[in-house]
Amino acid sequence: MALLSILRYPDVRLHKKAKPVQVVDDRIRKLVRDMADTMYEAPGVGLAATQVDVHERVIVIDVSEEGRDLMVLINPEITWKSETIKTFEEGCLSVPGIYDEVERSERIRFKALDEKGQPYEMEAEGLLAVCVQHEMDHLDGKVFVEYLSPLKQNRIKTKMKKAERELAKA
């Protein structure tokens, strides 16, 4: 089990756009295992490779209560979004301790590759739909706080920088 370091907002590396995975090989499968271990340990329900400073289109998600339903999305693509928008409270492992409401499509359809490189398609709603959209934003270099007002964004940046300074002193 290898735990990876999670980048913290406002780290500029969180804004780097991830490149598609060219081949699903042992390196990518190891990345998936390490990301899953990191996500479960944090604890969280989703983690994008961008958050661990790997800029390839890889996501791990587990929205189950027991934490035994790992989903792997390699090169994910949203193929459809419902017009129905819902407001969900979101948090992020890269922005610890911060939660706020974000509007997202209530239902989505997406396609991706699994950890074996096999393509699949799936429809998602509720927490899973939110999680997929949130993690895909990371792959595109966007953090959920960017949906908030400039005032809230600045407050969060200030709070995160202060927390980073406190950590450095400890």
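Here's what I pulled together on the structure shown here. No experiment lies behind these values; they were computed from the predicted model shown.

1. Some words on helix 1 (residues 26-41)
In step 1: The end-to-end C-alpha distance of helix 1, which contains 16 residues, comes to 22 Å, matching closely the 22 Å that a straight helix rising 1.5 Å per residue would cover.
In step 2: Tucked into the core, helix 1 has its buried residues touching strand 1 (46-48), strand 2 (58-61) and strand 3 (71-81).

2. Section: the sheet that holds strand 1
In step 1: What the 5 strands build is an open sheet, ordered 1-2-3-6-7; its pairing is antiparallel. Lying at the two open borders of the sheet, with one neighbouring strand each, are strand 1 and strand 7 (119-125). The mean inter-strand angle of the sheet, taken between neighbouring strand axes irrespective of direction, is 40°.
In step 2: Of the strands in this sheet, strand 1, strand 2 and strand 3 are in contact with helix 1, which crosses strand 2 at around 40°.

3. Examining the state of the cysteines
In step 1: Applying the stated criterion to the full structure yields 0 disulfides.
In step 2: Cys92 takes part in no disulfide bond, and the closest cysteine sulfur, belonging to Cys131, lies 10.0 Å away.
In step 3: Residue class for Cys92 comes out buried when judged on its relative accessible area of 9%.
In step 4: On the basis of relative accessibility, which here comes to 5%, the residue Cys131 falls in the buried class.

4. Observations concerning the side chain of Arg104
In step 1: Residue position: Arg104 is located in strand 5 (residues 100-105).
In step 2: Leaving out residues up to four positions away in the same chain, Arg104 has contacts with Thr84, Ile85, Lys86, Phe88, Glu90, Val130, Gln133, His134, Asp137, Phe144 and Tyr147.

5. Description of unusual backbone geometry
In step 1: Note the cis peptide between Tyr9 and Pro10, where omega equals 10°.
In step 2: Position of Pro10 relative to the elements: it lies in the segment before helix 1.
In step 3: In this chain, Ala42 is followed by Pro43 through a cis amide linkage whose omega measures -15°.
In step 4: Positionally, Pro43 belongs in the loop between helix 1 and strand 1.
In step 5: The backbone of Asp53 sits at a positive phi, close to 65°, despite the residue not being glycine.
In step 6: Locating Asp53 in the fold gives a position in the loop between strand 1 and strand 2.
In step 7: Asp53 gets classed as partly exposed once you look at its relative accessible area, which sits at 34%.
In step 8: We note that Asn75 has phi near 55°; this positive angle belongs to a residue other than glycine.

6. Quick look at the pattern of salt bridges
Close approach of charged atoms allows side chains with opposite charge to pair.
In step 1: Enumeration according to the criterion identifies 14 salt bridges in this entry.
In step 2: Its salt-bridge partner being Asp34, residue Lys30 comes within 2.7 Å of it at the nearest N-O pair. One end of the pair is Lys30 and the other is Asp34, both in helix 1 and 4 residues apart, which spans about a single turn.
In step 3: The class of Asp34 is buried, set by a relative accessible area of 10%.
In step 4: Each of Asp11, Arg13 and Asp53 takes part in salt bridges that share partners, so that together they form one network.

Reading guide: rules and limits
Residues numbered from 1 in each chain as written. Predicted model: local features only at pLDDT ≥ 70, side-chain atom pairs only at ≥ 80, totals over all residues. Heavy atoms only, no water. Helix = DSSP H or I, 4+ residues; strand = E, 2+ residues; numbered from the N terminus. Expected span 1.5 Å × (residues − 1). Contact = heavy atoms within 4.5 Å. Pairing = 2+ DSSP bridges. Axes fitted to C-alpha atoms, helices over the stretch in contact; angles between N-to-C directions. Disulfide = S-S within 2.5 Å. Buried < 20%, exposed > 50% of the residue type's maximum accessible area, 1.4 Å probe, protein only. Salt bridge = Lys/Arg side-chain N within 4 Å of Asp/Glu carboxyl O.

Spatial relationships are all this shows, so hold off on functional conclusions.
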